[in-house]
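Observations on chain architecture
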Amino acid sequence: MSNQVRIFDTTLRDGEQCPGASMNLREKLEVARQLARLRADVIEAGFPVISDGDFEAVKKVATEIRGPIIAGLARCVAKDIDAAAAAVKPAGKMARIHVFLGTSKIHREFKFGKAQDEILRLAVEGVKRARQYVKDVEFSPEDASRTELDFLVKIVEAAISAGATTINMPDTVGYATPEQYGDMFGHVIANAKGAENVIFSAHCHNDLGMAVANSLAAVQHGARQVEGTINGIGERAGNAALEEVIMAIRTRGDYYQKLHLGIKMNEIVKTSRLVSRMCGFLVQRNKAIVGENAFAHSAGIHQDGILKKRETYEIMDPQEIGWGITELPLTKHSGRHAMAVRLKHLGFALSDKEMEAVFARFKTIGDKKKFVYDDDLAALVDDRISEVPEVWTLDYLSVSSGNQTVPTATVRLKHTSGKKSPSETRQDAGIGDGPVDAALKTIDRITGKRGKLLDYHIRAVTQGKDAIGEVTVKVDFGGKEAVTGKASTTDIIEASARAYLNAVNRVLAKG
Ligand code: KIV
Ligand code: ZN
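The rules behind the values
Residues numbered from 1 in each chain as written. Chains lettered and ligands numbered in written order. Predicted model: local features only at pLDDT ≥ 70, side-chain atom pairs only at ≥ 80, totals over all residues. Heavy atoms only, no water. Helix = DSSP H or I, 4+ residues; strand = E, 2+ residues; numbered from the N terminus. Rg over C-alpha atoms; globule rule 2.2 N^0.38 Å. Buried < 20%, exposed > 50% of the residue type's maximum accessible area, 1.4 Å probe, protein only. Contact = heavy atoms within 4.5 Å. Salt bridge = Lys/Arg side-chain N within 4 Å of Asp/Glu carboxyl O. Core = buried A, V, L, I, M, F, W, Y, C linked by side-chain atoms within 4.5 Å. Pairing = 2+ DSSP bridges. Right-handed = clockwise from strand over helix to strand, strands pointing away. Donors = N, O, S within 2.8 Å, 3.2 Å for Na, K, Ca; no water. Axes fitted to C-alpha atoms, helices over the stretch in contact; angles between N-to-C directions. Parallel < 35°, antiparallel > 145°, perpendicular 65-115°, else oblique. Left-handed = near helix turned anticlockwise from the far one by under 90°. Nonpolar A, V, L, I, M, F, W, Y, C, P; charged D, E, K, R; others polar. Phe/Tyr/Trp six-rings, centres within 6.5 Å; stacked < 30°, edge-to-face > 60°. Near = heavy atom within 4 Å. Polar contact = N/O pair within 3.5 Å; in protein donor to acceptor, adjacent residues only side chain to side chain. Areas by Shrake-Rupley, 256 points an atom, 1.4 Å probe, with all protein chains shown as cover.

Here we take up the overall build of the protein. Of the regular secondary structure elements, the protein holds 17 helices and 14 strands. Taking 2.2 N^0.38 as the reference for a compact globule, 511 residues should give roughly 24 Å; the C-alpha atoms of the protein span a radius of gyration of 25 Å, in line with that estimate. Considered along the principal axes of its C-alpha atoms, the protein spans approximately 75 × 60 × 45 Å. By the burial criterion, 53% of the 511 residues in the protein qualify as buried. A fraction of 66% describes how many contacts in the protein between residues 6 or more apart in sequence connect residues 24 or more apart.

Here you go:
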């Protein structure tokens, strides 16, 4: 058995599936590019049959990203497998089809109304169909951790003899405990015929907060692929956080002896930040590895110890995972070339038009702020690459507020209905419970879209009183799903209005 633990990233599929984390094509592509720089072994880019958008995203990632294997998800259904095959085809030899089918009693009886034999037959047919398209087929008995062990062995054997090359045994509902999940791997690997010819994979959800522990238990019992997402995003309580799995294996090399990873560690923080910005999910401050406090020591005794020898209180070197690698900041005097070089270094691939737009924003911010740091720049780029057609744009905003004043906003918006029709300007004024509320209510009056603000976050992108404020909003416009909007600028009321308009434009783009 090889001792490399492959990292299978499903941020763009299982991660993106969670409400409010959806990304558009361009955002997914930026995440995929960064995952390739991180040297993830597999990128699951989406579930192609689900929608045209998912299909296009998987196809685009399969076309543009080189290095990792590109996987597309499919149920054991012909149309799913055919769609996944077409979407991953541009990846050539690096294409993988990942088929799954519920195998636990509860899934068999209530989801499918089918007996074990029928489920077995569907799994075999699904794997065989996928193998007609690609050599690399992963099979997942969904809800494996709640499947009877003897049936699990049987279906795994059948999938292997049908041609599966990776067997993933998910803890779909986050029900397993580490001992139980590890034992399940030990048992199946010891008893399923052909187990020595395939790679076993762990896929854990975090409903009981044990996704990472369960993944590591599976590795100890023979799994050599771990599936998860960056920052642990995902449905409900999320998936196993890959950065935690990676750093546990890396840091506890004494315990996980001989195991190794192909990951480029110093890309971890950058990847976490990009995913957070692209899907609008903030990382909690005390999150292991990538939270802002992960390496902040406030206790005097700790600080003293660290100054004497870092290892007294630090088990990982923050620099090794990409913390604190700061370049000299840019200023308003920096030219287009300097900004372009820095953006390239940060990993952004922008068109000339996008570069121009970012440069214009950079100059405006440079006038307001003494230094423009890498994180500031990244926030400006994110605004430009959200690729949402800007039907409504902010032209003018004036807000008055104070402890003796009724907060009042005057807003002027530009409306562009299509490339051919000239844009028109609409203006209104309104009051609210505070300056942000007044601005957003006035925007509602102008656009005619009534949004209910479900969530509002503001974050200083860098330190200092002149820091860029990044605002993320989650808005319910009465559709199936809440819409996320984001924007960054040095004025937090303006950033709030822009973020809200970003959400309005996103909902209009969805149609
Ligand atoms: O959690 C799960 O079971 C899944 C499968 C599709 C692998 O995401
Ligand atoms: Zn899952």
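Picking up after the structure, the text goes on.
Tallying each qualifying case throughout the model produces 40 salt bridges. Residues R26 and E354 are paired through a salt bridge, measuring 2.4 Å at the closest nitrogen-oxygen approach. In this pair, R26 sits in helix α2 (residues 25-38) while E354 sits in helix α14 (residues 352-368), placing the two residues 328 residues apart along the sequence. Its relative accessible area of 10% is what places R26 among the buried residues. Measuring nitrogen to oxygen at the nearest pair gives 3.7 Å for the salt bridge that ties K270 to E267. By relative accessible area, which is 30% here, K270 ends up partly exposed. Each of the salt bridges in this network shares a partner with another, and the network as a whole consists of R26, E30, R33, K60, E64 and E354.

Time to look at the nonpolar core. Counting residues in each nonpolar core, the largest one holds 119 residues, and the members touching the most others are V99, F139, I167 and M169. For this core, the leading source of residues is helix α7 (residues 149-162), giving nine residues. When sequence neighbours within four positions are dropped, the list of residues in contact with I167 reads F139, V156, A159, I160, V198, I199, F200 and S201.

This part takes up the pairing of strand β6 (residues 166-171). Across the six residues that make up β6, a large majority, six, are buried. One ladder, built from two bridges, connects strand β5 (residues 136-142) with β6; its direction is parallel. In the sheet register, F139 faces β6, and the bridge partner there is I167. Taking the sense of rotation as the criterion, the β-α-β connection linking β5, α7 and β6 turns out right-handed. Across six bridges, β6 lies against strand β7 (residues 199-204) in parallel orientation.

Moving on, we get to the coordination of the zinc ion (ligand 2). Metal coordination angles in their ideal form are 109.5 degrees for the four-donor tetrahedron and 90 or 180 degrees for the six-donor octahedron. Around the zinc ion (ligand 2), the protein contributes the donor atoms D14 (OD), H203 (NE2) and H205 (NE2), which lie 2.0 to 2.1 Å from the metal centre. Mapped onto the sequence, the residues coordinating the zinc ion (ligand 2) show the spacing D-x188-H-x1-H. With D14 in helix α1 (residues 11-15) and H203 in strand β7, this residue pair connects regions lying 189 residues apart in the sequence. With respect to burial, D14 and H203 carry one shared label: buried.

Our next topic: the packing of helix α6 (residues 116-133) against α7. Two numbers describe how α6 lies on α7: the axes approach to 8 Å, and their chain directions differ by 25 degrees. One finds that α6 runs roughly parallel with respect to α7. As for how α6 packs across α7, the hand of that crossing is right-handed. Between α6 and α7, the residues in contact are Q116, I119, L120, A123, V124, V127, K128 and R131 and F151, K154, I155, A158, A159 and A162, respectively. Residues of the contact of α6 with α7, tallied by class, amount to 10 nonpolar, one polar and three charged.

This brings us to the packing of aromatic side chains. A ring pair, where both rings are aromatic, is described by two values, the distance of the centres and the angle of the planes. Enumeration over the complete set of coordinates arrives at six aromatic pairs. A ring pair is formed by F477 and Y500, whose centres lie 6.2 Å apart and whose planes are at 50 degrees; its orientation type is tilted. Residue F477 is found in the loop between β13 (469-476) and β14 (483-489), and its partner Y500 is found in helix α17 (residues 492-510); the two are separated by 23 residues along the sequence.

For the pair helix α3 (residues 52-64) and helix α4 (residues 78-88), interaxial distance at closest approach is 7 Å and the crossing angle is 35 degrees. When α3 is examined against α4, the residues F55, V58, K59 and A62 are found in contact with a partner set consisting of A83, A86, A87 and V88. Within the contact of α3 with α4, the residues separate by chemical class into seven nonpolar, no polar and one charged.

Neighbouring ligand 1 are R13, D14, H98, F100, S140, E142, N168, P170, T172, H203 and H205. Residue H203 places a side-chain N or O atom 3.1 Å away from an oxygen atom belonging to ligand 1. Notes on ligand 1: free accessible area 260 Å², of which the protein chains cover 95%. Elements that contribute at least two residues to the shell around ligand 1 include exactly α1, β4 (95-102), β5 and β6. Counted by class, the shell around ligand 1 contains two nonpolar, six polar and three charged residues.

Let's shift gears to the sheet that holds β7. Around the barrel, eight strands lie side by side as β1-β2-β3-β4-β5-β6-β7-β8; this closed barrel has parallel pairing. Adjacent strand axes in the sheet meet at a mean angle of 25 degrees, parallel and antiparallel pairs treated alike. In the packing of helix α5 (residues 105-112) onto the sheet, the strands contacted are β4 and β5, and the crossing angle to β4 comes to about 85 degrees. Most of the contacts of α7 go to β6, to which it runs at about 150 degrees, and overall it touches β5, β6 and β7.

Within the fold, S201 resides in strand β7. Taking the relative accessible area as the measure of exposure, S201 reaches 0% and is therefore buried. For S201, the residues in contact, after removing those within four places along its chain, are E138, T166, I167, N168, M169, F185, Q225 and E227.

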